[in-house]
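Structure at a glance
Listed here are the chains, written in short residue letters.
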Amino acid sequence: MIAEEAAEYIVSPDEEVLRAEYRNRLAEMLKDPEFRKIEGFPIGEDEAILALSDPPYYTACPNPFLTEIVEKWRSERAALRDELGLPSDEPVGSKYIVRENMPIKNYHREPFAADVSEGKNDPIYNAHSYHTKVPHKAIMRYILHYTDPGDVVFDGFCGTGMTGIAAQLCGDKKTVESLGYSIKDGIVHDENNKPITRFGTRKAVLNDLSPAATFIGYNYTTPIDVRGFEREAKKILKEIEKDCSWMYETNHTDGIKARINYTVWSEVFSCPNCGCEIVFSLEAFDKEIGHVKDEFSCPKCSVNLKKEDLDLIFITKFDSQTGSTIKEPKRIPTLINYSVGKTKYEKEPDDFDFDILQRIESLDYPQEVPSLKLPDTQMARVGRMKTAGVTQFRHFFLTRQAHALARLWHIARNNNDKRMRGFLLFFVEQAVWGMSVLNRYQPIMHGRLGGSQVNRALSGVFYVASQISEVSPWYNLGGKLGRLVKAFQQKQKFANSCLTGTQNLGDSNSFLPNSIDYIFTDPPFGENIYYSDLNILVETWHGVRTAPTTEAIIDRVKGKGFQNYQDNMLNCFSTYFRVLKPGHWITVEFHNSKNSVWNAIQESLQQAGFIVADVRTLDKVQGSFQQVINAGAVKQDLVISAYKPTTEFEKRFLIEAGNEQGAWDFIREHLEQLPLPNVKEGVIQLLQERFPYLLYDRMVAFHLQRGLTIPLSAPEFYQGLSQRFLERESMVFTAAQSAAYDKLRLQAERVEQLALFVTDESSARQWLRQELEREPQTYGDIQPKFVQQLHQSKYEDLPELKVILEQSFVKDEKGLWCVPDPDNAAHLEQLRLTALLKEFNEYLKSNGRLKVFRSEAIRAGFGHAWRERDYDVIVEIAERIPESVLQEDQQLLMYYHNASLRQSSQPRQENLL
């Protein structure tokens, strides 16, 4: 949203009248009980939802104006394409074609075939913190690749609205050029001067289950009078100074009154040996190095102690809001950081400071602070939340913090201008975490003492430390004000280009079918982050909270397991599939170190009807907390590119469904969607989506998800593949693609060597093929290298290396093992399949859990059972293997889910052969 120059944004009188009409319409709809039955409808009174909303472009509930606005945008898009000289991609007879003789062209894009790396230091990105965010500049690269100006982009897990910002900034010259692109005659060119797309803003539809997230996204994507905001924000800080400055006064050494920047509070414990009180900061914290000591002595009995030896002391206080008593940890101030002029000083609290704190405690507790008993959550049951006894909303705030935040919120919420009020709350809510007991005292930053104490809360979790930095409003918000002004110097050209609603994505009735040109989405990560729980802290101030029942998450406290997560993701991806135009693309950005969750995402995508075409990495540069501290965590996020088959192909496939010709038509259609391999620094990067085994998997998945018989066995598929298509470096191409690849190969120095670990029979065969394609080798040559790469799964009954070689490869006259020609390969594969089915039949005859098994035999057996429509066999064996194996093997999981839907009580076949 950084434009070339600052410009005030002022809503016209006509637009204000129109907005008032929309507010009245929303108010009427909120009275309808049926409207509130929509899945994911937030928890909140009508008044609070209306106060937070700014219809029609933002509602803190399901957006009832979505269809109306998207229809308007589609009409504008058709006119814009006509103006730009772009052909229509609407079907013939569509009301959106402007001229009858306008040329018609089917949409076509290859997947965005490049790894992306974008940092997090952009002013826009940092304008508001949230649990997870994808840098908007990274998303811009995808949007520019897949869309044209006026296209409608959708993100149903929008979070803070980075996809909306990216769509808007495709029309900002300075930002587009910051990607390394250039703009010539309205055409965007990439770093290699290759034309990508037309320059111009895209529209965006955003949705999230969380009102906190959509409110941030709305403020990010809606223009604001920046100069007016700066004036009003300064007024707020002056008002809070007038009302609360006495609370943050302290005496300098010469008696001059000074303003407190922050106060360090320490929990008080009792010694298990003598029972005396131990102030944690005074005894356990080493001020010289800025770290907590591993061991320390009791000041009274001198016994050596560790923190885990201590008992936290609690005090009882009267809660005027509820009329009852509450328990809180005993905390005392141990350090005050304050300023005189531009110089900062530190001191221990004196009598004057304790008198101030006592005066504050004697005040009536501010009514603006919400009164809420926290629901039972995973975070409340473990760690420091449980230890500190945080059970009430007010437990998050010390008394002085509560008074300051209440006053800030009151002033912002009572601004007369609707748009300004929203942005002022956007400004003030950023102090909620930082002015709570979650703000840890961290005196070291960038390896040295003296770091800032702003926003020291641990990201992605509620963690109450034993040492808290209680910051003043000016210390917390003063710098933020300047950064917001810099970030939001935007032009009016981005007005009304983003539509935001708040509901469960899985409830698809609100969204128009076949209306979206492109989807970029960053779905929840299983159980990595408890979004609805974390958002309670801010949403409670707004009076509108997330409805957690439909949240796509793995959460034991809420009774949400892995299957619940996958079912929710399937519902969400089914909505994505329904609303996306045929032939168009979805990009799924995803971070999770668990294979089971990664497979759940891919399985849900394919089950919804999408076809995966590419997997890349997206490097956010600055890691999350878990990525930084956990050596086993995935350091880069994965990006899946998938497409919705064209209407023409689906119609053609219906005629051929379940026969061989349909399977080969699918492979041809899929190959044409795949990009050519990249060349990086003279090295061709292998594209695994073109590998025969993955093409077979895609073909199987396509038929499985549609409940069709798989018309080709693996041997038949591999033999037919070599007869119909061309292979280069283990990659399959159409004739036209192979010619283009051959030219590419001449320009490159070499082809990359994939680093493969052998964990099971499938990966062993891939590794052997790669080795033997390089050169034929003896068993003695292969065996030591094979053992070096072997990381066998504990459940895998891996055949001996000699058996794997005999079943899939051939010996030449010199006794060297090599890759067989297509005819020999098909013959070997048929023999191998027979052996695998025989082994699967033994599993079927056995009883009890299968603790060690040949996974290739399970896959072969499932495939055969599916062709025979013996779904009970698949379900029985799937439920006898470890659940973790099933969840981490995408193909087995797919067979199991689809068989479960079709399972009957028919007797199983006694023999699969």
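All of the points below concern the structure found in this document.

Definitions and cut-offs
Each chain has its residues counted from 1, following the order in which its sequence is written. A pLDDT threshold of at least 70 governs which residues receive local features in this predicted model, and a stricter bar of 80 or more applies before side-chain atom pairs are shown or counted, although totals over entire chains, interfaces and linings include all residues. The side-chain figures draw on all heavy atoms in the structure; neither hydrogens nor water molecules are used. For the purposes of this section, nonpolar cores are sets of buried Ala, Val, Leu, Ile, Met, Phe, Trp, Tyr and Cys residues that join through side-chain atoms within 4.5 Å. Here's how the labels work: a residue is buried when its accessible area is under 20% of the maximum for its type, exposed when over 50%, partly exposed in between, all with a 1.4 Å probe on protein chains only. Labels follow the DSSP assignment, with helices taken as runs of H or I lasting at least four residues and strands as runs of E lasting at least two, numbered in each case from the N terminus. Note on contacts: a residue pair is in contact if any heavy atoms of the two residues lie within 4.5 Å. Between any two strands, at least two bridges found by DSSP are needed for them to pair. Ring pairs are drawn from Phe, Tyr and Trp, using the six-membered ring of Trp, whenever the two centres fall within 6.5 Å, and their geometry is named by plane angle: stacked under 30 degrees, edge-to-face over 60, tilted for the rest. Over a ring means this: the NZ of a Lys or the CZ of an Arg is within 6 Å of the ring centre and within 35 degrees of the ring normal. Lines fitted to C-alpha atoms define the axes here, with helix axes fitted over just the stretch in contact, and angles between the N-to-C directions of these axes take values from 0 to 180 degrees. Angle categories are assigned with fixed cut-offs, so that under 35 degrees is roughly parallel, over 145 is roughly antiparallel, 65 to 115 is roughly perpendicular, and the rest are oblique. Put simply, a crossing is left-handed when the front helix is turned counterclockwise from the back one by less than a right angle, and right-handed when it is turned clockwise. For this scheme, ten residues count as nonpolar: Ala, Val, Leu, Ile, Met, Phe, Trp, Tyr, Cys and Pro. Four count as charged, namely Asp, Glu, Lys and Arg, and the remainder, Gly too, count as polar. Just to be clear on terms, a salt bridge is a Lys or Arg side-chain nitrogen sitting within 4 Å of an Asp or Glu carboxyl oxygen.

By size, the foremost hydrophobic cluster in this structure holds 229 residues, and its most contacted members are F229, F396, F488, I667 and M699. With 9 residues, the single largest contributor to this core is helix α18 (residues 562–579). Those residues in contact with F229 that lie beyond four places of it in its chain are I224, M420, F423, L424, F427, L481, L484 and V485. Ranked by size, the runner-up nonpolar core spans 25 residues in total, among them M731, V751, F809 and W817.

Most of strand β9 (residues 257–270) is tucked away: 12 of the 14 residues are buried. Across 3 bridges, strand β8 (residues 249–251) lies against β9 in antiparallel orientation. Pairing of N251 across the sheet is with K257, part of β9. Following β8, the chain reverses through 5 residues before pairing antiparallel with β9; G255 in that reversal takes a positive phi of roughly 90°. Bridge analysis of β9 against strand β18 (residues 331–340) gives 8 bridges, and the strand direction is antiparallel. Each residue of the ladder has a partner; that of V264, found in β18, is L335. Taken together, the 5 bridges between β9 and strand β22 (residues 467–471) define a ladder with antiparallel strand orientation. Across the sheet, the residue bridging to W265 is I468, located in β22. Sheet topology note: the β9/strand β10 (residues 277–279) ladder contains 3 bridges and is antiparallel.

As enumerated under the stated definition, the model contains 50 aromatic pairs in all. Both rings, one in F653 and one in F702, keep their centres 4.9 Å apart while their planes meet at 80°; by these two values the pair is edge-to-face. Of the two residues, F653 sits in helix α21 (residues 647–656) while F702 sits in helix α23 (residues 692–705), which places them 49 residues apart along the sequence. Summarising the burial analysis for this pair, F653 and F702 share the class buried. In this structure an aromatic cluster arises from ring pairing among F393, F396, F397, W409, W433, F462 and W541. Across from the ring centre of F314, 5.1 Å away, lies the NZ or CZ of K327, which sits over that ring.

Before going further, it helps to spend a moment on the sheet that holds strand β30 (residues 683–684). The strand order β29-β30-β33 describes an open sheet built from 3 strands, whose pairing is mixed. Edge strands, defined here as strands with exactly one partner in the open sheet, are β29 (679–680) and β33 (750–751). As paired strands, β29 and β30 are joined by 2 bridges and run antiparallel to one another. Pairing of K680 across the sheet is with V683, part of β30.

Here we take up the environment of T132. Considering the arrangement of structural elements, one finds T132 in the loop between β2 (116–117) and α4 (136–146). Apart from the residues within four sequence positions on either side, T132 is in contact with D522, F525, I529 and Y531.

Turning our eyes to something else, we now look at the packing of helix α19 (residues 595–608) against helix α33 (residues 890–902). For any two helices packed against each other, one specifies the crossing angle of their axes together with the interaxial distance. Between α19 and α33, the least distance of the axes is 10 Å, while the angle of their chain directions is 50°. One finds that α19 runs oblique with respect to α33. Crossing geometry of α19 relative to α33 is assigned as right-handed. Residue-level inspection shows N599, Q602, E603, Q606 and Q607 of α19 in contact with α33, the latter providing Q890, L893, M894, H897, N898 and L901. Residue classes in the contact of α19 with α33 are distributed as 3 nonpolar, 7 polar and 1 charged.

Across the junction of P55 and P56, the peptide omega takes the value 10°, indicating a cis bond. Mapped onto the fold, P56 is located in the loop between α2 (46–52) and α3 (66–84). Although it is not a glycine, N514 sits at a positive phi angle of roughly 50°. Relative to the helices and strands, N514 is located in the loop between β23 (498–502) and β24 (516–521). Residue classification places N514 among the partly exposed residues on the basis of a relative accessible area of 34%. Notably, S730 is not glycine yet its phi reads approximately 70°, a positive angle.

This paragraph deals with the pattern of salt bridges. All chains considered together, the criterion is met by 57 salt bridges. Note that R698 and E689 form a salt bridge whose closest N and O atoms lie 2.5 Å from each other. Exposure class is identical for R698 and E689. Each is buried. Note that D742 and R728 form a salt bridge whose closest N and O atoms lie 2.9 Å from each other. Placement of D742 in helix α25 (residues 735–747) and of R728 in strand β31 (residues 726–728) is noted, with a sequence separation of 14 residues between them. Put simply, D760, E761, R765, E829, R832, E839, R854, E856, R859 and D889 are held in one network by salt bridges that share partners.

On to α4. Judged by how many residues are buried, α4 sits mostly within the fold: 11 of 11 residues are covered. Among the residues making up α4, those that are buried are H136, K137, A138, I139, M140, R141, Y142, I143, L144, H145 and Y146.

Our focus in this paragraph is the sheet that holds strand β6 (residues 195–198). What the 3 strands build is an open sheet, ordered β4-β5-β6; its pairing is antiparallel. Each of the sheet's edge strands pairs with one partner strand only, and the pair in question is β4 (182–184) and β6. This sheet shows a mean twist of 35° between the axes of neighbouring strands, independent of strand direction. Bridge analysis of β4 against strand β5 (residues 187–189) gives 3 bridges, and the strand direction is antiparallel. By the bridge assignment for β5, I183 is matched with V188.

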